[in-house]
Amino acid sequence: MRGRWSRPERDRRGWLRGAPPPGWVRVLPAALLAGVCAATLISSAPLDIGFVLGAIPPLAVLSYGPAATAVLGASVVAVLFVPAFRLDDPGSTDLLTVCFVAALSVFVSFVRSRRDAQLVTERAVAQAAQNAVMPPLPPCVGAVRCAGLYRAAQRGTLVGGDFFDVREGPFGVRAVMGDVQGHGLSAVATVAALLGAFREAVLDQPDPEAVAARLDRRLELDSAGERHSELFATAVLLEFAADGRAVRIVACGHPAPVLLRDGQVVELDVPAGSPLGLGLADSVPPVGRTVPLRPGDRLFLASDGVTEARDAAGVFYPLTERLTGLTDDDPAALAVHVWADLVGYSRALHDDVTMLVLAPGRLRRP
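The residue numbers shown here count from 1 along each chain, following its written sequence. pLDDT decides what is reported in this predicted model: residues at 70 or higher carry local features, side-chain atom pairs at 80 or more are listed and counted, and totals for whole chains, interfaces and linings draw on all residues regardless. Based on all heavy atoms of the structure, the side-chain values leave hydrogens and waters out of the count.

K.L.:
I tried to follow the overall build of the chain on my own but got confused; where do I start?
P.N.:
Secondary structure assignment for the chain yields nine helices and twelve strands. Only protein chains enter the area calculation, which uses a 1.4 Å probe; residues under 20% of their type maximum are buried, those over 50% are exposed, and those in between are partly exposed. Here the chain holds 366 residues, and 43% of them are scored as buried. Whether two residues are in contact is decided by their heavy atoms, any of which lying within 4.5 Å being enough. Restricting to contacts in the chain with at least 6 residues of sequence separation, those with at least 24 account for 69%. As displayed, the chain offers around 18300 Å² of accessible surface, 59% of which is attributable to carbon and sulfur atoms. Helix and strand labels come from DSSP, where a helix needs a run of H or I of at least four residues and a strand needs a run of E of at least two; each type is numbered from the N terminus. A 1.4 Å probe and the Shrake-Rupley method give the accessible areas. Residues count as covered only by the protein chains that appear here.

Right under this line is the structure:
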């Protein structure tokens, strides 16, 4: 797992979605040309397979640039005039057709190469921008080991409607996980605003309740100029004690984390506050709860993309049941384990899937 990203085999960019073509596609044009030549040399009678040569230049477009495509096209035309292959008597119409297809293939290859270069540049810029919004988590933040796993619902994107971060500040290590209304690229701006507000609040707000109020105000201000705005987000915030023996949790419309302790799952009873962005922080301020921790405890946070995933029969993914008995001490291994189980349980995942695993320890003083 690279930082917070984990891509299963089915999520990797395929050949038809921008990845380089597989080896057999690159070999196919030359293999067809060699096969036609070999077949005509071996056969005692002339073979009417010259039409196969017409497919070689278009196939070359899939893998090669204009120069290589031109070489293959010229080779096809040259083969038609070699007496040993007994293809040296093509009709004028056939010859003109092959020449036209070869020339057109060179032009198409030139256009494709230019478009591919532009696509690579745009993809690199988009990936850099999205990684700037949610950079990969380090394996440890202060005394807290952490690992995140994210799969955006919209293919080809690295950021969607879910977000998380773990930061160390003057008041300790704080973490956040949230879910913005909607998903995909339309929610990225809201995610960026909330994460920016969280990173600032970590530095100057005295408790997680105040951090939640700051996020609520950020969303409220962002939607103030929009008529009939329904912009809101759910979130859960955590603050770890320096000695690793306690965590304070504030839930704002988001499910509380579950505690993994000695192979058992403990569902934490945290007051359910109102979602962010509704402007209720002043009238109904968020209320947190402090939970004692023991050595070896792990906190598992998941978005509704995990808990609301369904199997073929429409049954929701039983997260707490699946977590029971998991003894992975490494947070990254635990996240990957649950992700693999989720993919096997529900083949069609239509919402952003986010997991965050936190394993607090004692801060070692020099």
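K.L.:
Would you mind showing me how to read the environment of R261 here?
P.N.:
As for its placement among the helices and strands, R261 is situated in strand 7 (residues 258-261). Judged by its relative accessible area of 16%, R261 is buried. We call two N or O atoms a polar contact when they sit within 3.5 Å, provided that within protein one can donate a hydrogen and the other can accept it, with sequence-adjacent residues counted only if both atoms are side-chain atoms. At a separation of 2.7 Å, a polar atom in the side chain of R261 contacts the side chain of D297.

K.L.:
I keep staring at the packing of helix 1 (residues 23-42) against helix 3 (residues 66-79) and nothing clicks. Help me out?
P.N.:
Two measures define how a pair of helices packs: the angle their axes make with one another and the distance between the axes. Interhelical geometry of helix 1 versus helix 3 gives an angle of 10 degrees and a closest axis separation of 11 Å. Considered as vectors, helix 1 and helix 3 are oriented roughly parallel to each other. Along its contact with helix 1, which presents P29, L33 and C37, the element helix 3 presents L72, S75, V76 and V79. Residue classes follow a fixed rule: Ala, Val, Leu, Ile, Met, Phe, Trp, Tyr, Cys and Pro count as nonpolar, while Asp, Glu, Lys and Arg count as charged, and any other residue, Gly among them, counts as polar. The residue inventory of the contact of helix 1 with helix 3, partitioned by class, reads six nonpolar, one polar and no charged. Lines fitted to C-alpha atoms define the axes, with helix axes restricted to the stretch in contact, and inter-axis angles between N-to-C directions lie between 0 and 180 degrees. Roughly parallel means an angle under 35 degrees; roughly antiparallel, over 145; roughly perpendicular, 65 to 115; everything else is oblique.

K.L.:
What's the story with the side chain of S105 in this structure? I'm lost.
P.N.:
One can find S105 in helix 4 (residues 92-133). According to the relative accessible area criterion, S105 is buried, its value standing at 5%. S105 has contacts with P57, P58, V61 and T69, leaving out every residue within four places of it along the chain.

K.L.:
Got a minute to help me understand helix 9 (residues 331-345) in this structure?
P.N.:
What sets the pattern is the α-helix's 3.6 residues per turn: residues three or four places apart point alike. Helix length check: helix 9, at 15 residues, gives a terminal C-alpha distance of 21 Å against a target of 21 Å (1.5 Å per residue), a fit within 8%. For helix 9, every residue scored as buried is listed here: P331, L334, A335, V338, W339, L342, V343 and Y345. When helix 9 is viewed along its axis, its buried side chains cluster within an angular range of 165 degrees and face the same direction. Close packing links the buried residues of helix 9 with strand 2 (144-151), strand 7, strand 11 (298-302), helix 7 (304-307), helix 8 (319-323) and strand 12 (353-360). Here a helix's expected span is defined as the number of its residues, less one, multiplied by 1.5 Å. By arc we mean the arc of the directions from the helix axis to the C-beta atoms, nothing more.

K.L.:
What exactly am I supposed to notice about unusual backbone geometry here?
P.N.:
Residues apart from glycine generally show negative phi values, whereas peptide bonds are mostly found in trans. Even without glycine at this site, D262 takes up a positive phi of about 55 degrees. Locating D262 in the fold gives a position in the loop between strand 7 and strand 8 (264-267).

K.L.:
Which parts of the structure should I look at to understand the packing of aromatic side chains?
P.N.:
Both the distance between ring centres and the angle between the ring planes are used here to describe each pair of aromatic rings. When the centres of two rings from Phe, Tyr and Trp lie within 6.5 Å, Trp using its six-membered ring, the rings pair. Their planes under 30 degrees apart give stacked, over 60 give edge-to-face, and anything left gives tilted. Considering all chains together, one arrives at two aromatic pairs under this definition. Between the aromatic rings of Y150 and F164, the centroid separation amounts to 6.5 Å while the plane-to-plane angle is 45 degrees, which identifies the pairing as tilted. Separated by 14 residues along the polypeptide, Y150 in strand 2 and F164 in strand 3 (residues 162-169) bring together distant segments of the chain. A relative accessible area of 2% means that F164 is categorised as buried. A centroid spacing of 5.3 Å and a plane angle of 75 degrees characterise the contact between Y317 and Y345, whose relative ring orientation is edge-to-face. Placement of Y317 in the loop between helix 7 and helix 8 and of Y345 in helix 9 is noted, with a sequence separation of 28 residues between them. When its relative accessible area of 4% is taken as the criterion, Y317 is described as buried. Residue classification places Y345 among the buried residues on the basis of a relative accessible area of 15%.

K.L.:
Quick question: what am I supposed to make of a nonpolar patch on the surface here?
P.N.:
Patch building starts from residues that exceed 30% relative accessible area and form no salt bridge, then joins like charges within 9 Å and nonpolar side chains (Val, Leu, Ile, Met, Phe, Trp, Tyr) within 5 Å. Think of a salt bridge as a Lys or Arg side-chain nitrogen and an Asp or Glu carboxyl oxygen that are within 4 Å of each other. Side chains of F100, L104, F107, V108, F110 and V111 sit close together on the surface and give an oily, nonpolar patch of about 560 Å² of accessible area. Looking at where V111 falls in the secondary structure, it is placed in helix 4. With relative accessibility at 33%, the residue V111 sits in the partly exposed group.

K.L.:
Please explain the sheet that holds strand 7 as it appears in this structure.
P.N.:
By way of backbone hydrogen bonds, the strands of a sheet pair with one another, either parallel or antiparallel. Strand pairing is defined by DSSP finding a minimum of two bridges between the two strands. The strand order across the open sheet formed by six strands is 1-2-12-11-7-8, and the pairing between neighbours is antiparallel. Because the sheet does not close on itself, it has two edges, and the strands there are strand 1 (140-141) and strand 8. Both strand 7 and strand 11 contribute to a ladder of three bridges, which runs antiparallel. If you follow V258 over to strand 11, its bridge partner there is F300.

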